[in-house]
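Remarks on the overall topology
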Amino acid sequence: MSKRSGKAGTGSKLVSGGRRKEWTGAVVNPPIWRGSTHLYEDSTDLASSRENRDGQFYYGRRGAPTQWALSEALTELEPGAEGTLLYPSGVAAIAGAMLAVLKAGDVLLVTDNAYQPSRAMADGLLKRIGIETRYFDPLDLDAFPGKFCERTRAVLLESPGSLTMEICDVPALTAIAREKGAVSMIDNTWASPIGFAALERGCDIAIMSLTKHVGGHSDLMMGSVSAREDLYRKLRQTSQALGQIVSPDDAALALRGLRTLQLRLQRESDSALQLAHWLSERPEVARVLCPMLPDDSGHELWKRDFTGGCGLFSFVFKGADKAARARFIDALEMFGIGYSWGGFESLAIPVDPAGARSETPWPPTTMDPADKLAIRLSIGLEDISDLKADLQAGFAAMEQ
Ligand SMILES: *Cc1c(COP(=O)(O)O)cnc(C)c1O
């Protein structure tokens, strides 16, 4: 990092991140360093490699400049972070964080609107190794302190929540967790550090699926975890013990995606907000779940704590049945049907949050129980008029 870039703005950090001269040589991007074996100059050089420092050649499993460049660029984006670890997927990053801070006998608190595979990990793998999970309503601040017990060691947050997009009060929840002696982790995939400075807002560990916005082109799987110094050491130890490494080719792709991250997020959130407005006025729609919308119940907190959004939001049909929802989806031509999100191309997927909740009702008590079928949209870089026409065709198909 140059002397000036420490204070640089986000766009400048995205451009310069990880581009150390010793890593790039004469070209702009850090080249792809493929290699398992790193060769040493002599036995003294070999002996000095035992220190296990970041950014030091050792063996392929500890990475090479391509991976180090990506880690460094991500760390620069996360104020308060000592370092960033890379994992072969977002789920692997979540597992890496959990296993670094929890041990048998500990209790983990997980937000009720967590990404479904996070719940599956808590109820499966973590349970099997003696870690107990309790779920909590992320919007009920008053009840939150009562969820802790002597053995509670960590809290997993996600804001907005997966599928249903509730914004929780991260500074308040993390302050309570700290008071109780628990580590706060957040799955920050939706906003990325561009839209939500997780560590500055009270979290100790920020997790991201780089598969989504950072990759941005639907052609790679990766995850990251950034943390303050003490926790970073623990995470690094655990990651090395588990043998986690990403390929240099994928790291180079993620770095390429990172350069345009801010531009893509801006364009995608602008389009998403316009479409969310438009959808909220459709007679077929009961509710749009998008914290960027001024009348969304999470909007005030979003405005207070976030510096940006993205193209991902959901909407709930007014009393539609599954067959009508399927006709809507099948009529879409511009939107792809598929999992994941955050790519340059728009996607739509039917979602049924009820199956992934245990502490909070779906639909919420403020909604008609008949209004429960939802669709999640990931808005890409297409022209908004085309996306709107596609959604319009979907609504027309429902009427048959
Ligand atoms: C997709 C996703 C993940 C998992 O990422 P993968 O790279 O697909 O393993 C984690 N959290 C959230 C919120 C996600 O949407």
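Every value quoted in this text rests on a predicted model; they were computed, and no experiment measured them.

Conventions we followed
- Residues numbered from 1 in each chain as written.
- Predicted model: local features only at pLDDT ≥ 70, side-chain atom pairs only at ≥ 80, totals over all residues.
- Heavy atoms only, no water.
- Helix = DSSP H or I, 4+ residues; strand = E, 2+ residues; numbered from the N terminus.
- Buried < 20%, exposed > 50% of the residue type's maximum accessible area, 1.4 Å probe, protein only.
- Contact = heavy atoms within 4.5 Å.
- Domains from an automatic or database assignment.
- Buried area = accessible area lost by both parts, 1.4 Å probe.
- Salt bridge = Lys/Arg side-chain N within 4 Å of Asp/Glu carboxyl O.
- Polar contact = N/O pair within 3.5 Å; in protein donor to acceptor, adjacent residues only side chain to side chain.
- Nonpolar A, V, L, I, M, F, W, Y, C, P; charged D, E, K, R; others polar.
- Pairing = 2+ DSSP bridges.
- Axes fitted to C-alpha atoms, helices over the stretch in contact; angles between N-to-C directions.
- Expected span 1.5 Å × (residues − 1).
- Parallel < 35°, antiparallel > 145°, perpendicular 65-115°, else oblique.
- Left-handed = near helix turned anticlockwise from the far one by under 90°.
- Near = heavy atom within 4 Å.
- Areas by Shrake-Rupley, 256 points an atom, 1.4 Å probe, with all protein chains shown as cover.
- 1 Å grid on protein atoms, 1.4 Å probe; cavity = no way out; pocket = protein on both sides within 12 Å on 5 of 7 lines; lining within 4 Å.
- Points joined across faces, edges and corners; volume = space filled by probe spheres on them.

**What about the overall build of the protein?**
Along the backbone of the protein there are 14 helices and 12 strands. Dimensions of the protein, computed from C-alpha atoms along their principal axes, come out at roughly 75 × 50 × 35 Å. In the protein, which comprises 400 residues, the share counted as buried stands at 55%. Nonlocal contacts in the protein, meaning residues at least 24 apart in sequence, comprise 75% of its contacts between residues at least 6 apart.

**What to know about the domain arrangement of the protein**
Here the domain parsing of the protein yields domain 1 (3-259) and domain 2 (261-398). Carbon and sulfur atoms supply 60% of the area buried between domain 1 and domain 2, which totals about 3300 Å² over both sides. One salt bridge in this structure joins Asp169 and Arg304, with 2.7 Å as the shortest N-O distance. Across the contact surface, domain 1 and domain 2 share 22 residue pairs in polar contact (both at pLDDT 80 or more). Mapped by element, the contributors of at least two residues to the side of domain 1 that touches domain 2 are helix 1 (10-16), helix 6 (116-128), strand 3 (132-136), helix 7 (170-179), helix 8 (192-195) and helix 10 (248-259). For the side of domain 1 that touches domain 2, the residue count by class is 17 nonpolar, 17 polar and 8 charged.

**What to know about the sheet that holds strand 9 (residues 312-317)**
Ordered in space as 8-9-12-11-10, the 5 strands form an open sheet in which the pairing is mixed. The open sheet is flanked by strand 8 (285-289) and strand 10 (336-337), the only strands paired with a single partner. Note that strand 11 (residues 347-351) and strand 12 (residues 374-378) share 5 bridges and pair antiparallel. In the strand pairing of strand 12, Leu347 is matched with Ser378. Across the sheet, helix 11 (residues 261-280) touches strand 8, strand 9 and strand 12, and the angle it forms with strand 9 is around 10°.

**Digging into helix 5 (residues 90-101)**
Across its 12 residues, helix 5 extends 17 Å between first and last C-alpha, which sits within 8% of the 16 Å expected from 1.5 Å per residue. All of the buried residues along helix 5 are Gly90, Ala92, Ala93, Ile94, Ala95, Gly96, Ala97, Met98, Ala100 and Val101.

**Points about the pairing of strand 1 (residues 83-87)**
Counted residue by residue, strand 1 has 5 buried out of 5 residues, so it is predominantly covered. Neither face of strand 1 is left uncovered, since the one carrying Gly83, Leu85 and Tyr87 and the one carrying Thr84 and Leu86 both have all their residues buried. Bridging between strand 1 and strand 7 (residues 223-227) involves 5 bridges; their strand directions are antiparallel. By the bridge assignment for strand 7, Leu85 is matched with Val225.

**Digging into the packing of helix 5 against helix 9 (residues 229-241)**
With their axes 9 Å apart at the nearest point, helix 5 and helix 9 run at an angle of 110° to one another. Classified by the interaxial angle, the pair formed by helix 5 and helix 9 is roughly perpendicular. The crossing of helix 5 and helix 9 is right-handed. Of the residues in helix 9, those touching helix 5 at Gly96, Ala97, Leu99, Ala100 and Val101 are Leu231, Lys234, Leu235 and Thr238. Considering only residue class, the contact of helix 5 with helix 9 consists of 6 nonpolar, 2 polar and 1 charged.

**Things to note about unusual backbone geometry**
The linkage connecting Ser159 with the following residue, Pro160, adopts the cis geometry, with an omega of -5°. With respect to the helices, strands and loops of the structure, Pro160 is situated in the loop between strand 4 (152-158) and helix 7. A cis geometry characterises the amide bond from Trp362 onward to Pro363, with omega recorded as 0°. Relative to the helices and strands, Pro363 is located in the loop between strand 11 and strand 12. One non-glycine residue with positive phi stands out, namely Leu163, at about 70°. Considering the arrangement of structural elements, one finds Leu163 in the loop between strand 4 and helix 7. One non-glycine residue with positive phi stands out, namely Met165, at about 65°.

**A word on the site of the ligand**
Lining the immediate surroundings of the ligand are 15 residues, of which Gly90, Val91, Asp187, Thr211 and Lys212 lie closest. Contact distances for the ligand include 2.8 Å between an oxygen atom and a side-chain N or O atom of Lys212. For the ligand, an oxygen atom lies 2.9 Å from a polar atom in the side chain of Trp341. Protein burial of the ligand: of its 380 Å² of free accessible surface, 91% is covered by the chains. For the shell around the ligand, the leading source of residues is helix 5, giving 3 residues. Split by residue class, the shell around the ligand holds 6 nonpolar, 6 polar and 3 charged.

**Some thoughts on empty space enclosed by the protein**
Scanning all chains against the criterion turns up 2 cavities of 30 Å³ or more. Looking at the largest cavity, its volume works out to about 50 Å³. As for the largest cavity, its lining consists of Glu78, Asn188, Pro193, Ala206, Ile207, Met208, Ser224 and Ser226. Going through the elements one at a time, strand 6 (205-209) and strand 7 are the ones with two or more residues in the lining of the largest cavity. Counting residues per element, the lining of the largest cavity draws most heavily on strand 6, which supplies 3 residues. Counted by class, the lining of the largest cavity contains 4 nonpolar, 3 polar and 1 charged residues. By volume, the second largest cavity is sized at about 30 Å³.

**Let's talk about the pattern of salt bridges**
Taken as a whole, this structure holds 18 salt bridges when the rule is applied. When the shortest N-O distance is used, the salt bridge between Arg236 and Asp54 registers 2.6 Å. Taken together, the residues span a long stretch of sequence, with Arg236 in helix 9 and Asp54 in the loop between helix 3 (43-48) and helix 4 (65-77) at a distance of 182 residues. Two residues, Glu300 and Lys303, come together in a salt bridge whose shortest N-O distance is 3.9 Å. On the criterion of helical spacing, the pair formed by Glu300 and Lys303 is a turn pair, its members being 3 residues apart in helix 12 (residues 299-305).

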